[in-house]
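What follows is each chain in one-letter form.
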Amino acid sequence: MADITAAMVKDLREKSGAGMMDCKKALNETAGDMDAAMDWLRTKGLAAAAKKSSRTAAEGLVGVAVSGTKGAAVEVNSETDFVAKNDQFQSFVRDVTQVALAKGDDIATIKAADLNGKTVEEVLTNNIATIGENQNLRRARQLEVSQGVVVPYVHNAQAPGLGKIGVLVALESAAPADKLEALGKQIAMHVAAAFPLALNADGIDPAIVERERAVLREKNADKIVGKPPEIAEKILNGPVDKFLKENALLTQAFVMDGKTPVQDVIAAAAKEAGSPIVLTDYVRFQLGEGIEKEESDFAAEVAAASGVKQPA
């Protein structure tokens, strides 16, 4: 049996929203495999199908910037939130966002670019030495349209263009810029809140879809038991299609009214503007996605309540 630690229970609890003892049982049932434990909880109806928000796993800032018909987003990590409030760190993130706006997505290219007479990497190294905390330029993304707008949005901005969730929305259109900006801002706010997995269903990672299908197969076992494989798969198609619809940006229900698909909101705006509007792409960077960091002392509290073993 795997050695289930309090930190593992805490992590699963935060990701799933399930109870402490349910998380402990899930980890025991799956030999400590975190993804499998999450799926186990979901098959038992103890975790949401897709938890849209969770505690971020790293500190730092996301920066977004736009110039003309081009926009860029970057994520720069630090060890503590204290450094994210540092003027020197904020200035660096802002400068790097401008570099990404000019140079594109490639991190190596950005690091080699000039920044006030030094390379970005040299400035970053100097910041680490002077601030006294490790920092990392993690990712960057650039969007561009031939005509139209790229609209930026920062959720809970810590400073202009800087925050923990940064969004870019690219709208290709000959419609007036002010109308596109207003539409783009609403869609960007939707993206920040609704966390789409891709622009459309075809863009969702097939591995994610297959994992969802496996969970749904387990949850609907009573409906498909004894059925021929082709019939069982047809039964699952409805729930899988619902998953795709709810996680593709264009078919998600618009957060502003909770019912209208985003693609219909865009179509209505295009009709009003008298010009086609195409949402060509978007970016959503949430600080710390997929990065693990050391657990806090709260693990000891979990251990006391659940009786699981603390790591050495």
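Residues numbered from 1 in each chain as written. Predicted model: local features only at pLDDT ≥ 70, side-chain atom pairs only at ≥ 80, totals over all residues. Heavy atoms only, no water.

Enquirer: For the nonpolar core, give the residues involved together with the corresponding values.
Expert: If you look at the biggest cluster of nonpolar residues, it comprises 26 residues, and the most contacted ones within it are Val167, Leu171, Ile187, Ile277 and Leu279. In terms of residue count, helix α8 (residues 177-194) provides more of this core than any other element does, 6 residues in total. Discounting residues that sit within four places of it in the chain, isoleucine 187 has contacts with Val169, Leu171, Phe254, Ile266 and Leu279. Counting 24 residues, the second largest nonpolar core, distinct from the first, contains Leu61, Ala72, Ala113 and Leu162. (Core = buried A, V, L, I, M, F, W, Y, C linked by side-chain atoms within 4.5 Å. Buried < 20%, exposed > 50% of the residue type's maximum accessible area, 1.4 Å probe, protein only. Helix = DSSP H or I, 4+ residues; strand = E, 2+ residues; numbered from the N terminus. Contact = heavy atoms within 4.5 Å.)

Enquirer: Describe the sheet that holds strand β1 (residues 59-67), with residues and values.
Expert: Taken in spatial order, the 4 strands make up an open sheet running β5-β2-β1-β7, and their pairing is antiparallel. Two strands lie at the open edges of the sheet, namely β5 (135-144) and β7 (162-163), each paired on one side alone. Inspection of the sheet shows strand β2 (residues 70-78) paired to β5 by 9 bridges, in the antiparallel sense. What sits directly across from valine 76, in β5, is leucine 137. Sitting on the sheet, helix α5 (residues 87-103) touches β1, β2, β5 and β7, and the angle it makes with β2 is about 140°. (Pairing = 2+ DSSP bridges. Axes fitted to C-alpha atoms, helices over the stretch in contact; angles between N-to-C directions.)

Enquirer: Quick one: what's the story with the environment of valine 150, residue by residue and with numbers?
Expert: The residue valine 150 is located in strand β6 (residues 148-155) in this model. Separated by 131 residues in the primary sequence, valine 150 and aspartate 281 place their C-alpha atoms 9.4 Å from one another. Setting aside residues no more than four positions away along its own chain, valine 150 makes contact with Val66, Thr69, Lys70, Gly71, Leu143, Glu144, Val145, Leu168, Val169 and Ala170.

Enquirer: An account of the packing of aromatic side chains is needed here, citing residue identities and associated values.
Expert: Evaluation of the coordinates by the stated rule reveals 0 aromatic pairs. A cation sits over an aromatic face here: arginine 139 above phenylalanine 285, 4.1 Å from the ring centre. (Phe/Tyr/Trp six-rings, centres within 6.5 Å; stacked < 30°, edge-to-face > 60°. Lys NZ or Arg CZ within 6 Å of the ring centre and 35° of its normal.)

Enquirer: Provide a residue-level description of the packing of α5 against helix α7 (residues 120-131), including the pertinent values.
Expert: The description of two helices packed together rests on the angle between their axes and the distance between the axes. For the pair α5 and α7, interaxial distance at closest approach is 11 Å and the crossing angle is 170°. Between α5 and α7, the interaxial angle falls into the category roughly antiparallel. Only Val120, Val123, Leu124, Asn127, Thr130 and Ile131 of α7 make contact with α5, whose side of the interface consists of Gln88, Phe89, Phe92, Val96 and Val99. Classifying every residue of the contact of α5 with α7 gives 8 nonpolar, 3 polar and no charged. (Parallel < 35°, antiparallel > 145°, perpendicular 65-115°, else oblique. Nonpolar A, V, L, I, M, F, W, Y, C, P; charged D, E, K, R; others polar.)

Enquirer: Please provide a residue-by-residue account of α5, values included.
Expert: With 17 residues, α5 should reach 24 Å at 1.5 Å per residue; the first-to-last C-alpha distance of 24 Å fits that figure. Where α5 begins, one side-chain oxygen reaches toward the backbone nitrogen of glutamine 88, 2.7 Å away; that side chain belongs to asparagine 86. (Expected span 1.5 Å × (residues − 1). Polar contact = N/O pair within 3.5 Å; in protein donor to acceptor, adjacent residues only side chain to side chain.)

Enquirer: Account for the packing of α8 against helix α12 (residues 262-273), naming residues and giving values.
Expert: At a minimum axis distance of 11 Å, the contact between α8 and α12 shows a crossing angle of 170°. In terms of orientation, α8 lies roughly antiparallel with respect to α12. From α8, Lys179, Leu183, Ile187 and His190 reach across to α12, where they touch Val262, Val265, Ile266, Ala269, Glu272 and Ala273. Within the contact of α8 with α12, the residues separate by chemical class into 7 nonpolar, 1 polar and 2 charged.

Enquirer: Please give an account of the environment of leucine 124 that cites residues and values.
Expert: With respect to the element layout, leucine 124 can be found in helix α7. Residues leucine 124 and phenylalanine 92, spaced 32 residues apart in sequence, show a C-alpha to C-alpha distance of 7.9 Å. Other than its neighbours up to four places away in sequence, leucine 124 contacts Phe92, Gln135 and Leu137.

Enquirer: Tell me about a nonpolar patch on the surface, and please be specific about residues and values.
Expert: Among the surface-exposed residues, Met189, Val255 and Met256 lie close enough to one another that they form a single nonpolar patch of about 230 Å² accessible area. By the element assignment, valine 255 lies in the loop between α11 (229-247) and α12. Residue valine 255 is classed as partly exposed on the basis of its relative accessible area, which comes to 39%. (Patch = residues over 30% accessible without salt bridge, like charges linked within 9 Å, V, L, I, M, F, W, Y side chains within 5 Å. Areas by Shrake-Rupley, 256 points an atom, 1.4 Å probe, with all protein chains shown as cover. Salt bridge = Lys/Arg side-chain N within 4 Å of Asp/Glu carboxyl O.)

Enquirer: Could you give an account of unusual backbone geometry, with specific residues and numbers?
Expert: Residue alanine 31 is not a glycine yet carries a positive backbone phi of 55°. With respect to the helices and strands, the residue alanine 31 is situated in the loop between α2 (20-29) and α3 (34-43).

Enquirer: Tell me about the sheet that holds β6, and please be specific about residues and values.
Expert: What the 3 strands build is an open sheet, ordered β6-β8-β9; its pairing is antiparallel. The sheet is open, and its two edges are formed by β6 and β9 (277-286), each paired on a single side. Neighbour-to-neighbour, the strand axes of this sheet turn through a mean angle of 15°, independent of strand direction. Sheet topology note: the β6/strand β8 (residues 165-173) ladder contains 8 bridges and is antiparallel. Residue valine 149 lies in a different strand from β8, and its bridge partner there is leucine 171. Against the sheet, α8 touches β6, β8 and β9, its axis set at about 40° to β6.

Enquirer: Mind laying out the environment of leucine 115, listing which residues take part and the relevant values?
Expert: Within the element layout of this structure, leucine 115 appears in strand β3 (residues 114-115). For the pair formed by leucine 115 and phenylalanine 92, sequence separation is 23 residues and the distance between their alpha carbons is 9.5 Å. Non-local contacts of leucine 115, meaning those with residues more than four positions away in its chain, are made with Phe92, Asp95, Val99, Val120 and Val123.

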